[in-house]
Amino acid sequence: MMVTYASYLAGTVSLSSIYQAPSHLPTATQSVCEVATVTVYEYEGFSTLFPVLDAHTHGGSYHNPYNDIPLPFEWPGSPTPGQKYAPPQPSPPYEYGGSAKDKYDAPAWIPKDDDKLVSALPEGKQNGGSQWGEIDCPRLPINGLPGGPSYPPPGTTSTRIAPYPTASAPLSKSSNATGTTASTYYNRTSISSGTSTGLSTPAPDCPQMPDTGVTRTYDLRVAYQTIAPDGVIRNGLTFNGQFPGPLIEANWGDWILFKITNDLTDEGTTIHAHGLLQKETSWYDGVPAVDQCPITPNGGKFEMLFRADRYGTSWYHSHYSAQYSGGAHGPMVIYGPRHVEYDIDLGPVQLEDWYHADYFSLVNRTMHRQFPPSNNVLVNGKMNYPCANTTLPCESNAGISKFRFESGRKHLLRLINPGAEGVQKFSIDGHKLTVIANDFVPIEPYTTNVVTLGIGQRTDVVVEAVGQRGDAYWMRSQLGTEHCTLNDGVSPAAVAAVYYEDTDSESVPDTTSDVTAEQLAACKNDDLSITAPICKIPLEEPSTTEKLDFDFRSNGTHFVWFVNNSSYRGDYNQPVLLQAKSGDLDFKPEWNVFNFGTNKTVRLHLVNHGLIGGHPMHLHGHDFHVLAEGFGEWDGTVTNPENTIRRDVHILENGRNTTAGVEPSYMVLQFEQDNPGVWPLHCHLAWHVSGGLFLNVLERPEDIMAQDFDEDVFALCPLWDAYSTSNPPNQIDSGL
Ligand SMILES: [Cu+2]
């Protein structure tokens, strides 16, 4: 079979909203997995059923009636006088499958009078132009994009010290390097093209990032669009008309150029490339109120040029309020050396909780004492829903994701959790999962039957296809159950179908899962002791240590999140980084800026007093070491001190209730200050960051002032100031 890769490149939307294959793609790839030519549906028929109006003036042209349906419970409720902590999380209000469960066959909610997995929705209505989750698509190239460095095969002695090219190729439109099929060249004099390892203390096992001299350009347009990922029709946010968004891909060491257009009509936006370090380009980290002013709606544009300075699996997403949870996210793959053998790269497998209301309504509820339960779970943007449980326009058997396995071969699956709130538990019936990387950090392989992913986390797994021709299995992504995820109970687990050769790709698997209730309950990542990075980076004594207390408690009228008694709220018109660049380090208290000056090494001791949520803590600009986690007081013991785990998101567990009161949880992390900038450290749970669980690490401000910023980032603020003066944004949350 021919391997295809290029067809998931970001296509450009024409003004008529009709998709066209980008003309630069080699035609040979299109026969395998074409770029969809599909009309963007606006559901005209439903528009007459439901008037086009929206009390919040957000959410696109399709009015979502679910926005106005009361939640099935009120929680956590208004604080009573003297009440400090919020009440415990409620139980799901509905039974599995809902009151209409007898009309459907679980776990894929196939109507009883149907016995096939045949998508009832025409192409385009479910996911716009996205082809994620369609059988035989995608397969990614095993050895990276054409023209990139060639790495030795896994298992050879030289695997970890690859013969990387060392020539430093200037970024220039006149360059003539190979591997440029999908790229254009771009020159910005302010950005150094020198080699930057991204590693604070390179060790012998740590490969060096090559200089490829290649820049890959992606057009990304953010817009509202009517979609139906699980059959329920709602407004979604899409990139280039696709949910999930198109693949961003590059070879390690390439540069990536985002050419962003904001096609929203009354909201700003920004895009953040999750997990990349943004060394020497911190102003392109894409966080409003931190790095930049938002890109104005109605066609505002912004270009961001940054290095693919990590390799592995990640994602990109809007960082403006909770837009990403409405669909504004997509996968990102950076090809680099492999340390484990596999035959087939099946590409991104995106696992997320899903809601039938628009993101703005959900944030509004969150900020008004009603944390919303999710309604479903998606794999690569698809799942079915038992439609008889809802009064919303809904198509049964809308279509689930499907994957093709080849017997006896090893398949790489790139798991990503781009969801709003849910901790995902991923498994494939009858198959073992060999974990080979967490976030952008390759690790010594270990085998498990279930992988836990908090929001923002990625895990690469290799799956050996132990089935036979004609077999079919369920792939599952189930929400964690122990007070870390709030779901209405109807559909707390997604399934996708895994078909072997010769299996009818409409057949219904009948396999069962061996994941235990105990495994589903644990709202934490696998134990620190079993995860060992391939590339060891020694742990240094910290130059400074900061204790950060997280509280979910009353501010008098609401329950919100506090970091050391301060709930974060950003100002879209005053980005922290740009103020620091000007030399003014006098920040507003609610921006939660922690200035760590010139300290070489920073240790952060996080203490969580909240009883709900479980916080997937994400630090921008760094992979951090995780030294320890647990409950109560940390006794100073470091897990695996010779080789601590590193990643860019790690779950901080809930505090727990004891007879003596709340026993807080803790997590100790550490990073080198090798990257001047302003780096958010925040919970990646959408409702928690909206509720203020966010702080800014100010790293080496003197070096920020000395850096040569790209002028484009300053140019955004006058545009945003002008727009927001006449159209004040309805910033109901922290802004992020
Ligand atoms: Cu959180």
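Residues numbered from 1 in each chain as written. Predicted model: local features only at pLDDT ≥ 70, side-chain atom pairs only at ≥ 80, totals over all residues. Heavy atoms only, no water.

Another point: the coordination of the copper ion. All of the protein donors around the copper ion are His615 (ND1), Cys683 (SG) and His688 (ND1); their distances to the metal are 2.0 to 2.1 Å. Motif for the copper ion, donor spacing along one chain: H-x67-C-x4-H. Of this pair, histidine 615 sits in strand β26 (residues 615–619) while cysteine 683 is found in strand β33 (residues 677–683), placing the two residues 68 residues apart along the sequence. One exposure class covers both histidine 615 and cysteine 683, and it is buried. (Donors = N, O, S within 2.8 Å, 3.2 Å for Na, K, Ca; no water. Helix = DSSP H or I, 4+ residues; strand = E, 2+ residues; numbered from the N terminus. Buried < 20%, exposed > 50% of the residue type's maximum accessible area, 1.4 Å probe, protein only.)

Attention shifts here to the sheet that holds strand β3 (residues 215–227). What the four strands build is an open sheet, ordered β4-β3-β6-β8; its pairing is mixed. The sheet terminates laterally at β4 (234–239) and β8 (300–307), the two strands that pair on one side only. Taken over all neighbouring pairs, the strand axes of this sheet differ in orientation by 20° on average, direction set aside. As defined by bridge partners, strand β6 (residues 255–262) adjoins β8 across eight bridges and the pair is classed as antiparallel. What sits directly across from phenylalanine 258, in β8, is methionine 304. (Pairing = 2+ DSSP bridges. Axes fitted to C-alpha atoms, helices over the stretch in contact; angles between N-to-C directions.)

By size, the foremost hydrophobic cluster in this structure holds 108 residues, and its most contacted members are Ile256, Phe258, Ile334, Leu548, Leu604, Leu606 and Trp687. Filtering out sequence-adjacent residues up to four positions away, tryptophan 687 remains in contact with Ala322, Ser325, Tyr355, Leu362, Val363, Thr366, Phe371, Pro372, Ala420 and Glu421. In terms of nonpolar packing, the next biggest core, distinct from the first, is built from 47 residues, Phe243, Leu479, Ala496 and Tyr500 among them. (Core = buried A, V, L, I, M, F, W, Y, C linked by side-chain atoms within 4.5 Å. Contact = heavy atoms within 4.5 Å.)

As a further point, take the packing of aromatic side chains. Counting across every chain of the model gives 23 aromatic pairs. Here the aromatic rings of tyrosine 359 and phenylalanine 360 are separated by 6.3 Å at their centres, their planes lie at 85°, and the arrangement is edge-to-face. Taken together, Trp283, Tyr284, Phe302, Phe709 and Phe714 form an aromatic cluster joined through their ring pairs. Arginine 458 extends its terminal NZ or CZ atom over the ring of phenylalanine 440, reaching a point 5.1 Å from the ring centre. In this structure, arginine 656 packs its charged tip against the face of phenylalanine 631, placed 3.8 Å from the ring centre. (Phe/Tyr/Trp six-rings, centres within 6.5 Å; stacked < 30°, edge-to-face > 60°. Lys NZ or Arg CZ within 6 Å of the ring centre and 35° of its normal.)

Glancing now at the pairing of strand β25 (residues 601–608). Along β25, eight of the eight residues are buried, which leaves the element largely enclosed by surrounding structure. On β25, burial covers both faces: Thr601, Arg603, His605 and Val607 on one face and Val602, Leu604, Leu606 and Asn608 on the other are all buried. Pairing of strand β22 (residues 544–554) with β25, which is carried by seven bridges, proceeds in the parallel orientation. Looking across to β25, one finds that leucine 548 is bridged to leucine 606. Note: β25 against strand β32 (residues 665–672), eight bridges, orientation antiparallel. Across the sheet, the residue bridging to valine 602 is phenylalanine 671, located in β32.

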